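# Descriptive structure summary
In case you want the letters, here they are:
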Amino acid sequence: NAGVTQTPKFQVLKTGQSMTLQCAQDMNHEYMSWYRQDPGMGLRLIHYSVGAGITDQGEVPNGYNVSRSTTEDFPLRLLSAAPSQTSVYFCASNPGTRASYEQYFGPGTRLTVT
Amino acid sequence: GQQLNQSPQSMFIQEGEDVSMNCTSSSIFNTWLWYKQDPGEGPVLLIALYKAGELTSNGRLTAQFGITRKDSFLNISASIPSDVGIYFCAGLSTSGTYKYIFGTGTRLKVLA
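Attention in this report is confined to the structure presented alongside it. (Residues numbered from 1 in each chain as written. Chains lettered and ligands numbered in written order. Predicted model: local features only at pLDDT ≥ 70, side-chain atom pairs only at ≥ 80, totals over all residues. Heavy atoms only, no water.)

## A closer look at the pattern of salt bridges
Residues and elements named next belong to chain A. Definition in use: One side-chain nitrogen of Lys or Arg within 4 Å of one carboxyl oxygen of Asp or Glu is enough to make a salt bridge. For each residue, the accessible area found with a 1.4 Å probe, counting protein chains only, is set against the maximum for its type, and the residue is called buried under 20%, exposed over 50%, and partly exposed in between.
Applying the stated criterion across every chain, the model contains 4 salt bridges over all chains. Residues Asp 38 and Arg 44 are paired through a salt bridge, measuring 2.8 Å at the closest nitrogen-oxygen approach. Of the two residues, Asp 38 and Arg 44, neither departs from the other in class, the shared state being buried. Because the salt bridges share partners, they merge into one network encompassing Arg 36, Asp 38 and Arg 44.

What follows is the structure in structure tokens.
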């Protein structure tokens, strides 16, 4: 198993550009989430999904869109990049069963918006 | 947004010493997770806790789910240089929504 994979690893955008951060997992997990990590702020939830076709907002959803058409993939779209979106983005997944809420993270995408 | 209080924020210790850190919340959680993050990497899951009072070990690491369900503790015994990193706690809310709340991390530095 590759676990949770994210692409790209690094990205530089100009203000106003759009892009999609890719996330995939091969563990057949129902739940997937996107977080951003900023210095001194810990991890903050952007959007999450409890299954294919179901998404919901997290703590900091503004400026981001998600969709979940398959169990494996959960892309994050930046609609019009802003310098405030400079951050490290992590995707995570977990089985979503009462027996296990162990959440596993991908390696991250480091985004800089100039 | 809501975050957990994690302490200490950072600590320097000598190799071989034991380390203790904790996480506290004003809310009740029914799951606690502990992670370690190395520079430039994603958080790696260390221990998961599901019951109040539960004590779980993973090698030299031991974590406890507080009996009030509002706190959790992580201990590292006989620290080694590769223990360096940032340790995060995360609590899963019982409010019915699926949202983990994360602590701001404890940065551990081990002096050889």
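## Details of the sheet that holds strand S8 (residues 71-76) of chain B
All names here are of chain B. Note the threshold: Should DSSP find at least two bridges between two strands, the strands are regarded as paired. Strands here are runs of E lasting at least two residues and helices are runs of H or I lasting at least four, both read from the DSSP assignment and numbered beginning at the N terminus. Think of each axis as a best-fit line through the C-alpha atoms, taken over the contacting stretch in the case of a helix, with angles from 0 to 180 degrees between the N-to-C directions.
Taken together, 5 strands build an open sheet; the order of strands is S1-S3-S8-S7-S6 and the sheet is antiparallel. Two strands in the sheet have a free side with no partner beyond their single neighbour: strand S1 (5-7) and strand S6 (55-58). On average, adjacent strands in this sheet sit at an angle of 15° to one another, irrespective of strand direction. Note that strand S3 (residues 19-24) and S8 share 6 bridges and pair antiparallel. Each bridged residue has a counterpart across the sheet, and for Val 19 the counterpart in S8 is Ile 76.

## Focus: the environment of Gly 96 of chain A
Which entries qualify depends on this criterion: Every residue pair with non-hydrogen atoms within 4.5 Å of one another is taken to be in contact.
Among the structural elements, Gly 96 of chain A can be located in the loop between strand S9 (87-94) and strand S10 (104-105). Other than its neighbours up to four places away in sequence, Gly 96 of chain A contacts Tyr 31 and Tyr 101 of chain A.

## Concerning the sheet that holds strand S3 (residues 19-25) of chain A
All names here are of chain A. A sheet is described by the order of its strands in space; here 4 strands give the open sequence S1-S3-S8-S7, paired in antiparallel fashion. Whereas interior strands pair on both sides, the edge strands pair on one side only; in this sheet they are strand S1 (4-7) and strand S7 (64-66). Within the sheet, the average angular offset between the axes of one strand and its neighbour, ignoring direction, is 20°.

## Quick notes on the environment of Lys 70 of chain B
Residue and element names in this part refer to chain B. Position of Lys 70 among the secondary structure elements: in the loop between strand S7 (61-65) and S8. Sequence-wise, Lys 70 and Val 19 are 51 residues apart; in three dimensions their C-alpha atoms are separated by 21 Å. Discounting chain neighbours no more than four positions away, the residues touching Lys 70 are Cys 23, Thr 24, Ser 25, Ser 26, Ser 27, Ile 28 and Trp 32.

## A closer look at the interface of chain B and chain A
Our working definition: Using a 1.4 Å probe, buried area is obtained as the accessible area two parts lose upon being combined, added over both of them. Pairs of N or O atoms within 3.5 Å make up the polar contacts considered here, provided that, within protein, one atom can donate a hydrogen while the other can accept it, and that residues adjacent in sequence are counted only when both atoms are side-chain atoms. In this classification, the charged set is Asp, Glu, Lys and Arg, the nonpolar set is Ala, Val, Leu, Ile, Met, Phe, Trp, Tyr, Cys and Pro, and all remaining amino acids, among them Gly, are polar.
With 23 residues of chain B in contact, the opposing surface of chain A contributes 28 residues. With both sides pooled, the region where chain B packs onto chain A buries about 1900 Å², and carbon together with sulfur makes up 56% of that total. It is Tyr 50, Tyr 98 and Phe 102 of chain B that lose the most area in chain B upon contact with chain A, and together they represent 32% of the buried surface on that side. For the interface between chain B and chain A, the tally reads 0 salt bridges. Taken together, chain B and chain A are joined by 5 residue pairs in polar contact (both at pLDDT 80 or more). When residues of the side of chain B that touches chain A are traced back to their parent elements, those giving at least two are strand S4 (29-37), strand S5 (44-49), strand S9 (85-93) and strand S10 (100-102) of chain B. If one sorts the elements of the side of chain B that touches chain A by residue count, S4 of chain B sits on top with 4 residues. Across the side of chain B that touches chain A, the residue classes break down as 11 nonpolar, 10 polar and 2 charged.

## Some thoughts on the nonpolar core
As a rule of thumb, nonpolar side chains are buried together in soluble globular proteins. Applicable threshold: Here, nonpolar core means buried Ala, Val, Leu, Ile, Met, Phe, Trp, Tyr and Cys residues that are tied together by side-chain atoms lying within 4.5 Å of each other.
Core analysis: the largest hydrophobic core is formed by 22 residues, its most contacted members being Trp 32, Trp 34, Leu 74 and Leu 108 of chain B. Contributing elements (two or more residues each) for this core: strand S2 (10-14), S3, S4, S5, S7, S8, S9 and strand S11 (106-111) of chain B. Leu 43, Tyr 48 and Val 88 of chain A together with Leu 33 of chain B belong to the second largest nonpolar core, which has 21 residues in total.

## Topic: the side chain of Thr 71 of chain A
Residues and elements named next belong to chain A. With respect to the helices and strands, Thr 71 occurs in the loop between S7 and strand S8 (76-78). Relative accessible area serves as the criterion here: at 17%, Thr 71 is assigned to the buried category. In this view, Thr 71 contacts Gln 25, Asn 28, His 29, Met 32 and Ala 52; residues no more than four positions away in its chain are not counted.

## Considering unusual backbone geometry
A cis amide bond links Thr 7 of chain A with the next residue in sequence, Pro 8 of chain A, at an omega value of -5°. Here Pro 8 of chain A is to be found in the loop between S1 and strand S2 (10-13). Note that the residue after Ser 7 of chain B, namely Pro 8 of chain B, is joined by a cis bond; omega there is -5°. Topologically, Pro 8 of chain B is positioned in the loop between S1 and S2. The backbone of Arg 69 of chain B sits at a positive phi, close to 65°, despite the residue not being glycine.

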